[in-house]
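# Results of the structural survey
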Amino acid sequence: MSNGGAKAAVASVGAPQPLDWKFSQVFGERTAGEEVQEVDIISAIEFDGTGDHLATGDRGGRVVLFERTDTRDYAGHWRDLEKMDYPMNRHPEFRYKTEFQSHEPEFDYLKSLEIEEKINKIRWCQSANGALFLLSTNDKTIKFWKVQEKKVKKVCDMNVDFSKAMGNGPIVDSSISTSSKQFIENGGCVRNDFSFPTGGFPSLRLPVVTSLETNLMARCRRIYAHAHDYHINSISNNSDGETFISADDLRINLWNLEISNQSFNIVDFILAEVITSAEFHPKHCNMLAYSSSKGSIRLIDMRQSALCDTHSKLFEEQDDPGTRSFFTEIIASISDIKFAKDGRHILSRDYMTLKLWDINMDSGPVATFQVHEHLRPKLCDLYENDSIFDKFECCLSGDGLRVATGSYSNLFRVFGCSEGSTEATTLEASKNPTRRQGQTSSRPCRSLGSLSGVVRRVKGADNLGVDANGNTSDFTTKLLHLAWHPTENSIACAASNSLYMYYA
């Protein structure tokens, strides 16, 4: 027993401490009583691979770019600062960079269908020659954008000598006699007495092109259209930097970035379930994973048939038949999946939980984090007001030690998944993120590297959506979209039309 206690003590000492989250920035903050326009609501968030740029899309079809500014103050001086042991404890700071209209509302006359301009997903591509590249999509059309700085040039020092100009008439020089010109049919003239003066023409000056300022210009390089009959719910870049996939309810297409008039169909469903999310493997360009409305995840190898059982792996958790109800399949539908940076683990989000899967074990999730368990008695009400169909996203930290997802009342949750971690933090998208944080119960979780079996860890199942005063969830305010910085503990999340950023 003493040995067991010693092991527990070692585990608790080795577990990382819960992060202390602090408010960093907010863009588009609402004033009290301000009405939010539907077109201004943020519908997509994505960091680029370096974390130096952040993109958001809204329901009005606009894409807004932000760039990091706190690293520029020390550009070119990192070695000197290291020698001086300079404390680098500044948190990430971003500023508005530019925005552009990515999509416009359209109408499909063949199907009598209105196509919204809302941005469903944004994905960054590899940058080149100082230019930024990204993909954005609405329900039907994907666009490939290039954002680059362009110098605005202006011609100065025109060939005009204002001291010798007479009104708006021609410039007259003392050495030129207009009466000696003989005009010909094509508009030219023949000068019999043409000669250069000794000092040249003082009024003749060559124009000079100067650069006055630099503007960011967004240009659409490719448009990938007419390949999906249903609404596009996912796009994902391949690690080869040349291809990407797009997914709708029944189909996944493979595209080449440079070819917009041809795509290859790699998954085509004719089954009772639908595709809800798809993601490329971060390291293997031939592998991808997609989730379904049945609560399962399938990992496939594109070199083989996507639906061939011998070349794909199915991940699903078996439900207890005694607990099945009308809502079982609805709440089991996976709304988002993300690969961990190491490519070994997949994080999935359904309506009730976050689940962590090991691609080497298909018997069930290695960890389960309860998010909406306290809402189970209210499923009938949630079904009547359609809240049960809300699609919450999820994200992982760059080191794979923590996961995060959103909830109602503009709350989001951060869970630790390292060995011995009891971290289960509830934060609010506001300038005081911890004001509604209550005491949450949690159980230790094993580290990703040591998960050797199906281990289900339930964390903070009782208090989400209920603050210290016992207030219940507000289903009219929901935090659906969030993103974790790829290298630092920084989270960007969208609350309606406002973009909040936090660091730890």
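Residues numbered from 1 in each chain as written. Predicted model: local features only at pLDDT ≥ 70, side-chain atom pairs only at ≥ 80, totals over all residues. Heavy atoms only, no water.

Quick note on the threshold: UniProt positions are given in the numbering used here, feature names are shortened, and annotations may be inferred rather than shown by experiment.
The name given to the protein in an unreviewed UniProt entry is Serine/threonine-protein phosphatase 2A 55 kDa regulatory subunit B, with Gossypium armourianum as the source organism. The record held by UniProt for the protein lists under Sequence similarities (unreviewed entry) the comment "Belongs to the phosphatase 2A regulatory subunit B family." The UniProt entry for the protein carries the following comment under Function (unreviewed entry): "The B regulatory subunit may modulate substrate selectivity and catalytic activity, and may also direct the localization of the catalytic enzyme to a particular subcellular compartment."

### Things to note about the overall build of the protein
The condition that has to hold: Here a strand is any run of E in DSSP of at least two residues, a helix any run of H or I of at least four, and the numbering for each starts at the N terminus. Only protein chains enter the accessibility calculation, which uses a 1.4 Å probe. A residue is then buried if its area is under 20% of the maximum for its type, exposed if over 50%, and partly exposed in between. To be clear on the numbers: accessible area is Shrake-Rupley with a 1.4 Å probe, and residue cover counts the displayed protein chains and nothing else.
Helix and strand counts for the protein stand at four helices and 32 strands. For the protein, with 504 residues in total, the buried portion stands at 47%. Of the accessible surface of the protein, which amounts to about 26,100 Å², a share of 50% is contributed by carbon and sulfur atoms.

### Thoughts on the packing of aromatic side chains
We count it as follows: Aromatic rings from Phe, Tyr and Trp, taking only the six-membered ring of Trp, are treated as a pair when their centres fall within 6.5 Å; an angle between ring planes under 30 degrees marks them as stacked, one over 60 as edge-to-face, and anything in between as tilted.
Taken as a whole and assessed by the stated rule, the structure comprises 24 aromatic pairs. Within the aromatic cluster, the residues linked to one another by ring pairs are Phe 23, Phe 412, Tyr 500 and Tyr 502.

### A look at the nonpolar core
Counted only if it meets this: Buried Ala, Val, Leu, Ile, Met, Phe, Trp, Tyr and Cys residues that are joined via side-chain atoms within 4.5 Å together make up what is termed a nonpolar core.
Counting 16 residues, the largest nonpolar core has Trp 21, Phe 412, Val 414, Leu 482, Ile 491 and Cys 493 as its most contacted members. Of all the secondary structure elements, the ones that give two or more residues to this core are β28 (411-416), β30 (481-484), β31 (490-495) and β32 (498-503). Looking at this core element by element, the count peaks at three residues for β31.

### Side note on unusual backbone geometry
Phi at Asn 129 is positive, roughly 55°, even though this residue is not glycine. Mapped onto the fold, Asn 129 is located in the loop between β8 (121-124) and β9 (132-137). The phi dihedral of Asp 386 is positive, around 65°, even though this residue is not glycine. If you trace the backbone, Asp 386 turns up in the loop between α4 (379-384) and β26 (394-396).

### Some thoughts on the sheet that holds strand β19 (residues 287-292)
The line we're drawing: A strand pair is defined by DSSP finding two or more bridges across the two strands. To define axes, lines are fitted to C-alpha atoms, for helices over the stretch in contact only, and angles between the resulting N-to-C directions are given on a 0 to 180 degree scale.
One open sheet accounts for four strands, arranged β18-β19-β20-β21; its pairing is antiparallel. In this open sheet, the two strands that pair with only one neighbour each are β18 (275-280) and β21 (312-315). With strand direction ignored, the average angle separating the axes of adjacent strands in the sheet is 20°. Relative to β21, strand β20 (residues 297-301) runs antiparallel, the two sharing four bridges. For Ile 300, the partnering residue across the bridge sits in β21 and is Ser 312.

### Some words on the pairing of strand β27 (residues 402-406)
Remember that side chains alternate between the two faces of the sheet whenever the strand is regular. Within β27, five of the five residues are buried, leaving the element largely enclosed by the surrounding structure. Of the two faces of β27, the one holding Arg 402, Ala 404 and Gly 406 and the one holding Val 403 and Thr 405 are both buried throughout. Pairing geometry for β26 and β27, over three bridges, is antiparallel. Looking across to β27, one finds that Cys 395 is bridged to Ala 404. Joining the antiparallel neighbours β27 and β28 is a turn of four residues, in which Ser 409 adopts a positive phi near 60°.

### Side note on the side chain of Arg 402
We count it as follows: When checking whether two residues touch, look at their non-hydrogen atoms; a contact exists if any pair is within 4.5 Å.
Inspection of the secondary structure puts Arg 402 in strand β27. When near neighbours in sequence (up to four residues on either side) are disregarded, Arg 402 contacts Pro 16, Gln 17, Leu 19, Cys 395, Leu 396, Ser 397, Val 414, Phe 415, Gly 416, Cys 417, Glu 423 and Trp 484.

### Side note on the sheet that holds β30
Pairing in this open sheet of four strands is antiparallel, and the strands run β1-β32-β31-β30 from one edge to the other. Each of the sheet's edge strands pairs with one partner strand only, and the pair in question is β1 (22-27) and β30. Sheet twist, expressed as the average angle between the axes of neighbouring strands with direction ignored, equals 20°. Here five bridges tie β1 to β32, and the two strands are oriented antiparallel to one another.

### Some thoughts on a nonpolar patch on the surface
Applied cut-off: Exposure above 30% relative accessible area and the absence of a salt bridge qualify a residue for a patch, where like charges join within 9 Å and nonpolar side chains (Val, Leu, Ile, Met, Phe, Trp, Tyr) within 5 Å. We define a salt bridge as a contact between a side-chain nitrogen of Lys or Arg and a carboxyl oxygen of Asp or Glu at a distance within 4 Å.
Together, Phe 326, Tyr 383 and Phe 389 make up an exposed nonpolar region whose accessible area comes to about 310 Å². Note on placement: Phe 389 falls in the loop between α4 and β26. Residue class for Phe 389 comes out partly exposed when judged on its relative accessible area of 39%.

### Section: the environment of Asp 108
Put simply, the rule reads: Polar contacts, as counted here, are pairs of nitrogen or oxygen atoms within 3.5 Å of one another; within protein the pair requires one atom able to donate a hydrogen and one able to accept it, and residues that are adjacent in sequence qualify only if both atoms are side-chain atoms.
Mapped onto the secondary structure, Asp 108 falls in strand β6 (residues 106-108). Contacts of Asp 108, omitting those with residues within four sequence positions, involve Leu 113 and Ile 115. Of note is the side chain of Asp 108, whose polar atom sits 3.1 Å from the backbone nitrogen of Leu 110. Within the structure, Asp 108 has its side chain in polar contact with the backbone nitrogen of Lys 111 (distance 3.3 Å).

### Quick look at the pattern of salt bridges
All told, the structure shown has 25 salt bridges when counted by the stated rule. The residue Glu 393 makes a salt bridge to Lys 121 at a minimum N-O spacing of 3.3 Å. Separated by 272 residues along the polypeptide, Glu 393 in the loop between α4 and β26 and Lys 121 in strand β8 bring together distant segments of the chain. The shortest N-O distance in the salt bridge between Glu 329 and Lys 294 comes to 3.4 Å. Placement of the pair is Glu 329 in helix α3 (residues 328-332) and Lys 294 in the loop between β19 and β20, with a sequence separation of 35 residues. Residues joined in a network through salt bridges with shared partners are Asp 40, Asp 58 and Arg 62.

### Points about the state of the cysteines
What counts, and what does not: Note on terminology: disulfide denotes any pair of cysteine sulfur atoms within 2.5 Å.
All chains considered together, the criterion is met by zero disulfides. Between Cys 394, a free cysteine, and Cys 395, which holds the nearest cysteine sulfur, the sulfur-to-sulfur gap is 7.1 Å. Cys 395 supplies the cysteine sulfur nearest to Cys 493, a cysteine that is in no disulfide, at a spacing of 9.4 Å.

### Notes on the confidence of the model for the protein
Here is the rule we go by: Each residue gets a pLDDT score, which is the predictor's confidence in that residue and runs from 0 to 100.
With 75% of its residues at a pLDDT of at least 70, the protein reaches an overall mean of 82. Note on residues 1-13: pLDDT is under 50 here. Beyond four places in sequence and across chains, it has two contacts. Low pLDDT, under 50, characterises residues 449-465; the predicted model gives this stretch 70 contacts beyond four residues in sequence or across chains.

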